[in-house]
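Examination of the molecular architecture
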Amino acid sequence: MLFWIFFAVLVIQRLAELLIARKNEKYLLSKGAFEAGREHYKWMVGIHTCFFISFLVEVLLYNKQPAFWWWIPFSLFLLAQCARVWCISSLGHFWNTKIIILPGAHVVAKGPYKYIRHPNYVIVTLEIITIPLVFQAYFTMVLFLILNAVILSVRIPEEEKALQKATNYNAHFEGKHRFLPGDDR
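Residues numbered from 1 in each chain as written. Predicted model: local features only at pLDDT ≥ 70, side-chain atom pairs only at ≥ 80, totals over all residues. Heavy atoms only, no water.

With respect to the overall build of the protein chain
- Within the protein chain, the secondary structure is distributed over 6 helices and 2 strands.
- Written out in order from the N terminus, the α and β elements of the protein chain read α-β-α-α-β-α-α-α.
- Each principal axis of the C-alpha distribution contributes one length, and for the protein chain these read about 50 × 35 × 25 Å.
- Each of the 185 residues in the protein chain was classed as buried or not, and the buried ones make up 45%.
- Considering only intrachain contacts with a sequence separation of at least 6, the fraction spanning at least 24 residues in the protein chain is 82%.
- Here the protein chain displays about 10,300 Å² of accessible surface, and carbon together with sulfur accounts for 70% of that area. (Helix = DSSP H or I, 4+ residues; strand = E, 2+ residues; numbered from the N terminus. Buried < 20%, exposed > 50% of the residue type's maximum accessible area, 1.4 Å probe, protein only. Contact = heavy atoms within 4.5 Å. Areas by Shrake-Rupley, 256 points an atom, 1.4 Å probe, with all protein chains shown as cover.)

Written as structure tokens, this is what we have:
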């Protein structure tokens, strides 16, 4: 029963995020924004969808149970959820699952974006680790850590290129680490 509650909350959360993203996308497009990275977005959606399917199948097929130390990855997962809300609220209308760029906009450099360029990708990576660890779904964790690294190796340069062309991205983030707090300047 615990697994089904956890899984249902994850799915509901993702669906709610997609609704927020769709609303923000419509708003930004109405203001003259454009989408970048459309070619890889379907792969990203596929990877994230398959993550949940793999997690579900691994836990059910192998009757995985929470580890006796489940509270450690679960606590990190909850911390990641707080950070996700911080990201979404910091970006406001600019938060999206797609790369939606509003030309001439000033990039958001507050909240977690004050410290690193891509906090949301750090959060997603932490989730890919912690969600399977709660139920000892190690295959799912390892496979999707690799797939996530591959898709981010395409997505992040695409996103940064579009932001550099159309916004003041370099003025705020040049020299700032992508994933760790600090400044290279």
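Things to note about the nonpolar core
- Formed by 22 residues in total, the largest nonpolar core has its most connected members in Phe-6, Leu-10, Phe-55, Ile-131 and Phe-135.
- Sorting the residues of this core by element identifies helix H1 (2-30), helix H2 (38-61), helix H4 (119-134) and helix H5 (138-166) as the ones contributing at least two each.
- Ranked by residue count, the leading element in this core is H2, at 6 residues.
- When near neighbours in sequence (up to four residues on either side) are disregarded, Phe-55 contacts Phe-3, Phe-6, Phe-7, Leu-10, Ile-131, Pro-132, Phe-135, Ala-137 and Thr-140. (Core = buried A, V, L, I, M, F, W, Y, C linked by side-chain atoms within 4.5 Å.)

Section: H5
- Over its 29 residues, H5 extends 41 Å from the first C-alpha to the last, a length consistent with the 42 Å expected when each residue adds 1.5 Å.
- A maximum bend of about 30 degrees is found in H5 at Leu-152. (Expected span 1.5 Å × (residues − 1). Bend = angle between axes of the 7 residues up to and from the residue.)

Some words on the packing of aromatic side chains
- A complete count under the given rule lists 17 aromatic pairs for this structure.
- Ring geometry for Phe-51 versus Phe-52: centroids 5.2 Å apart, planes at 80 degrees, classification edge-to-face. When sorted by exposure, Phe-51 lands in the same class as Phe-52, which is buried. (Phe/Tyr/Trp six-rings, centres within 6.5 Å; stacked < 30°, edge-to-face > 60°.)

Notes on the pattern of salt bridges
- For the coordinates displayed, the defined rule picks out 6 salt bridges.
- One salt bridge in this structure joins Glu-127 and Arg-84, with 2.3 Å as the shortest N-O distance. On the criterion of sequence distance, the pair formed by Glu-127 in helix H4 and Arg-84 in helix H3 (residues 71-91) is long-range, its members being 43 residues apart. Exposure class is identical for Glu-127 and Arg-84. Each is buried.
- In the salt-bridge network here, residues are joined through shared partners; they are Arg-14, Glu-17, Arg-84 and Glu-127. (Salt bridge = Lys/Arg side-chain N within 4 Å of Asp/Glu carboxyl O.)

Here we look at the layout of surface pockets
- The computed volume of the largest pocket comes to approximately 1,200 Å³.
- If you go around the largest pocket, you meet 48 residues; those closest to its centre are Asn-96, Thr-97, Lys-98, Asn-120 and Arg-155.
- Per-element accounting of the lining of the largest pocket gives the leading share, 8 residues, to H1. (1 Å grid on protein atoms, 1.4 Å probe; cavity = no way out; pocket = protein on both sides within 12 Å on 5 of 7 lines; lining within 4 Å. Points joined across faces, edges and corners; volume = space filled by probe spheres on them.)

So, the packing of H3 against H4
- Contact geometry of H3 with H4 gives a least axis separation of 9 Å together with a crossing angle of 155 degrees. By the angle between their axes, H3 is roughly antiparallel relative to H4. Remark: the crossing between H3 and H4 carries left-handed chirality. Across the interface between the two elements, Pro-73, Phe-74, Leu-76, Phe-77, Ala-80, Gln-81, Ala-83, Arg-84 and Cys-87 from H3 touch Pro-119, Asn-120, Ile-123, Val-124, Leu-126, Glu-127, Thr-130, Ile-131, Leu-133 and Val-134 from H4.
- The residue inventory of the contact of H3 with H4, partitioned by class, reads 14 nonpolar, 3 polar and 2 charged. (Axes fitted to C-alpha atoms, helices over the stretch in contact; angles between N-to-C directions. Parallel < 35°, antiparallel > 145°, perpendicular 65-115°, else oblique. Left-handed = near helix turned anticlockwise from the far one by under 90°. Nonpolar A, V, L, I, M, F, W, Y, C, P; charged D, E, K, R; others polar.)

What about the state of the cysteines?
- Overall, the coordinates contain 0 disulfides when judged by the stated rule.
- Not part of a disulfide, Cys-82 finds its nearest cysteine sulfur in Cys-87, a span of 12 Å. (Disulfide = S-S within 2.5 Å.)

Examining the side chain of Glu-17
- By the secondary structure assignment, Glu-17 is in helix H1.
- We classify Glu-17 as buried; its relative accessible area is 8%.
- In this view, Glu-17 contacts Arg-84, Ile-88 and Trp-95; residues no more than four positions away in its chain are not counted.

Everything listed here is a matter of geometry and, on its own, says nothing about what the molecule does.
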